[in-house]
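# Structural description and commentary
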Amino acid sequence: MFFDNVKQGAPDIMYHLKVQADGDKSPNKVDLGVGIYRNEKGLYNEMKVLKEAKIALASANPDHDYEVTTGNPSYLKNAARIVFGEDSSLLEAGQIASVQTISGTGAIHIAFMLLARSIPGMSKVVYVGTPAWGNYVPMLGLAGLEARTYRHYDPKSGTVDWDSVLDTVRAAPEGSIFVLQACCHNPTAADFTQDQWRILSREMKTRKQFPVFDIAYQGLGNGLEEDIYCVRHFAEQGFEMLVCQSFAKNFALYGERVGALHAVCPSADSALAVRDQMRFLIRSEFSSSPAYGSRLVDLILSDPAREAAWRHELDSVHQRLHRLRAKLYDMLTNVYKTPGDWSVITNGNGLFALLPLAASQCETLRKEYHIYLVSTGRITVSGLNEQNMAYVAKSIDTVVRESQEGWGTIERTSVL
């Protein structure tokens with residue numbers, strides 16, 4: 001009577017891809033789909049420092065009481081330090097309001113709700129460069145904000161479409177909101193250079209525009225400090241902004257949902273008010289965030305030796321990702337001499353690469369070769385390893401030669 005007329009929700013590309021991959025028992029299966037860092041054995045990669053922290057936390061036997069609505073204060077202090085730096089004058093002055101969230105997705109949701117409901121006179125228009133993470137647009141709609149898209153990526157060059165970005169910023173009304181991925185762009189891996197970030201900050205500041213930074217992959221691109229350059233630069237330039245932080249990837253705490261939302265404010269008094277508005281939103285939606293993962297992060301970041309070990313392990317992760325990129329590029333370009341320009345692989349940063357493949361080519365790779373990638377051509381680079389690299393490269397080469405379609409002109413949909 002009530003539920004009879006309910007229609008199914010919009011299809012979730014990543015959900016169906018994962019179901020297909022998990023159900024494939026072929027010995028040739030290679031899962032390059034979901035964005036999780038895998039080790040050389042193709043398995044979940046538990047950091048040594050995290051494993052030790054779990055033992056230490058279990059020994060301390062903490063209770064299972066609720067965390068306060070805004071989150072663990074020590075965890076939040078450490079999380080903000082990783083973003084804004086050890087000697088941030090904004091942190092010292094109390095101008096940054098921070099709350100704990102249900103990973104980066106929760107941070108983005110609370111950020112959108114804050115913009116939509118809690119800030120008088122705020123623009124309701126949010127600009128999103130495409131292709132992009134698939135949740136931005138539906139989440140904006142749920143919050144009551146209007147998404148406007150522009151082209152972030154040039155598939156011909158495999159880099160940022162800089163002219164499109166600048167034209168959009170210059171044409172956008174004063175006070176417009178821009179969602180910006182700080183590093184390791186999902187799904188394109190096409191990041192802004194530091195020079196481009198500086199130009200972008202000048203253009204946006206002149207027009208009094210508002211950035212919302214999404215940092216889901218800090219440390220997986222070129223290093224923990226290098227990957228956060230844009231956020232610190234915008235902060236130094238006096239921007240008010242929101243920063244959505246996740247520890248899912250750089251601590252390998254995917255299922256523990258560990259995140260934070262930071263608001264950079266013009267004064268300590270305004271930071272207190274913004275923090276209280278965020279507290280109200282959290283209380284109204286999920287009351288408080290999970291405690292276990294944030295306790296592990298805090299345990300590591302509160303101990304200099306543990307933090308140093310974490311940084312060292314994280315360095316090895318981004319170094320391996322660069323090696324895998326170079327190897328796949330070499331196999332396609334020099335070993336198999338696969339038709340097309342594969343420099344997009346080595347031009348990119350982070351966990352993903354957006355290969356110049358048509359949807360039909362991706363389907364063939366899945367059905368005939370058991371290689372699971374998104375229909376846009378996005379692969380998770382860490383799914384490659386010494387055992388499967390040649391097989392993947394040879395399979396791509398075969399499919400490309402057999403089909404020879406779509407080079408550099410394919411419009412890609414937005415995915416996770």
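It should be noted that the structure appears before, not after, this text.
As a starting point, this report considers the structure included with it. Treat the numbers as computed from the prediction; the structure is a model and nothing was measured.

### So, the overall build of the chain
On a plain count of helices and strands, the chain comes out with 15 helices and 13 strands. Here the C-alpha atoms of the chain give a radius of gyration of 22 Å, agreeing with the 22 Å that 2.2 N^0.38 yields for 416 residues. Oriented by its inertia axes, the alpha-carbon framework of the chain measures out at about 65 × 60 × 55 Å. Counting across all 416 residues of the chain, residues that qualify as buried make up 55%. Only carbon and sulfur atoms are counted for the fraction: they give 52% of the accessible area of the chain, which is about 18600 Å². Averaging the locations of the 42 positively and 47 negatively charged side chains of the chain gives two centres separated by 2 Å.

### Concerning the nonpolar core
Counting 97 residues, the largest nonpolar core has Leu200, Phe213, Val231, Met241 and Trp310 as its most contacted members. Per-element tally for this core: the top contributor is helix α12 (residues 304-335), with eight residues. What Val231 contacts, discounting residues up to four positions off in sequence, is Val83, Phe84, Ala182, Phe213, Met241 and Val243. Ranked by size, the runner-up nonpolar core spans 34 residues in total, among them Phe112, Ile177, Phe210 and Met278.

### Observations regarding the pattern of salt bridges
Tallying each qualifying case throughout the model produces 20 salt bridges. Across the pair Lys54 and Glu46 runs a salt bridge whose closest N-O atoms are separated by 2.7 Å. A relative accessible area of 33% means that Lys54 is categorised as partly exposed. With a shortest N-O distance of 3.0 Å, Arg148 and Glu146 are connected by a salt bridge. On the basis of relative accessible area, Arg148 is assigned to the partly exposed category, the value being 33%. By relative accessible area, which is 39% here, Glu146 ends up partly exposed. Here the salt bridges share partners, and the residues they tie into one network are Arg81, Glu86, Glu225, Arg232, Glu307 and Arg311.

### What to know about helix α1 (residues 13-23)
Among the residues of α1, Met14, Leu17 and Ala21 are the ones counted as buried. Down the axis of α1, the smallest arc covering the buried residues is 60 degrees, so these residues share one side. In α1, the exposed positions that point more than 90 degrees away from the buried face belong to Tyr15 and Gly23. Residues of α1 that are buried make contact with β1 (30-31), α14 (359-369), β12 (371-372) and β13 (378-380). Among the residues of α1, the N-terminal cap falls to Asp12, whose side-chain oxygen and the backbone nitrogen of Met14 are separated by 3.1 Å.

### Let's talk about the packing of helix α2 (residues 48-60) against α12
Two elements in contact, α2 and α12, have axes separated by 8 Å at closest approach and are oriented at 145 degrees. Together, Lys48, Val49 and Ala56 of α2 and Arg306, Ala309, Trp310 and Glu313 of α12 make up the contact between the two elements. Of the residues assigned to the contact of α2 with α12, the class counts are four nonpolar, no polar and three charged.

### Quick notes on the packing of aromatic side chains
Tallied over the full model, the rule gives 14 aromatic pairs. Aromatic pair Trp133 and Tyr136: ring centres 5.1 Å apart, planes at 80 degrees, arrangement edge-to-face. When its relative accessible area of 9% is taken as the criterion, Trp133 is described as buried. Ring geometry for Phe247 versus Phe251: centroids 5.4 Å apart, planes at 85 degrees, classification edge-to-face.

### Topic: unusual backbone geometry
In this structure, Pro131 follows Thr130 across a cis peptide bond, with omega equal to -5 degrees. Along the polypeptide, Pro131 turns up in the loop between β3 (125-130) and α6 (136-143). Cis rather than trans, the peptide bond between Asn186 and Pro187 has omega equal to 15 degrees. Within the chain, Asn61 stands out as a residue other than glycine whose phi angle is a positive 50 degrees. Structurally, the position occupied by Asn61 is in the loop between α2 and α3 (73-84). If you check the backbone angles, His370 has positive phi at about 65 degrees while not being a glycine. With respect to the element layout, His370 can be found in the loop between α14 and β12.

### Quick word on the sheet that holds strand β2 (residues 96-102)
If you trace the seven strands from one edge of the open sheet to the other, you get β2-β10-β9-β8-β7-β3-β4, paired in mixed fashion. Edge positions in the sheet fall to β2 and β4 (146-151), since each has one partner strand and no second. Strand-to-strand, the axes of this sheet are offset by a mean angle of 20 degrees, without reference to chain direction. This element, α3, spans β2, β8 (210-215), β9 (241-246) and β10 (258-264) of the sheet and lies at about 65 degrees to β10.

### Points about the packing of α2 against helix α11 (residues 292-301)
Where α2 contacts α11, the axes come no closer than 9 Å and their chain directions differ by 110 degrees. Comparing the axis directions of α2 and α11 gives the class roughly perpendicular. Of α11, the residues touching α2 (which contributes Val49, Leu50, Ala53, Lys54, Ala56 and Leu57) are Tyr292, Arg295, Leu296, Leu299 and Ile300. Of the residues belonging to the contact of α2 with α11, the class tally is nine nonpolar, no polar and two charged.

Calculation criteria
Residues numbered from 1 in each chain as written. Predicted model: local features only at pLDDT ≥ 70, side-chain atom pairs only at ≥ 80, totals over all residues. Heavy atoms only, no water. Helix = DSSP H or I, 4+ residues; strand = E, 2+ residues; numbered from the N terminus. Rg over C-alpha atoms; globule rule 2.2 N^0.38 Å. Buried < 20%, exposed > 50% of the residue type's maximum accessible area, 1.4 Å probe, protein only. Areas by Shrake-Rupley, 256 points an atom, 1.4 Å probe, with all protein chains shown as cover. Lys, Arg positive; Asp, Glu negative; His and termini not counted. Charge placed at Lys NZ, Arg CZ, Asp CG, Glu CD. Core = buried A, V, L, I, M, F, W, Y, C linked by side-chain atoms within 4.5 Å. Contact = heavy atoms within 4.5 Å. Salt bridge = Lys/Arg side-chain N within 4 Å of Asp/Glu carboxyl O. Arc of directions from axis to C-beta. Polar contact = N/O pair within 3.5 Å; in protein donor to acceptor, adjacent residues only side chain to side chain. Axes fitted to C-alpha atoms, helices over the stretch in contact; angles between N-to-C directions. Nonpolar A, V, L, I, M, F, W, Y, C, P; charged D, E, K, R; others polar. Phe/Tyr/Trp six-rings, centres within 6.5 Å; stacked < 30°, edge-to-face > 60°. Pairing = 2+ DSSP bridges. Parallel < 35°, antiparallel > 145°, perpendicular 65-115°, else oblique.

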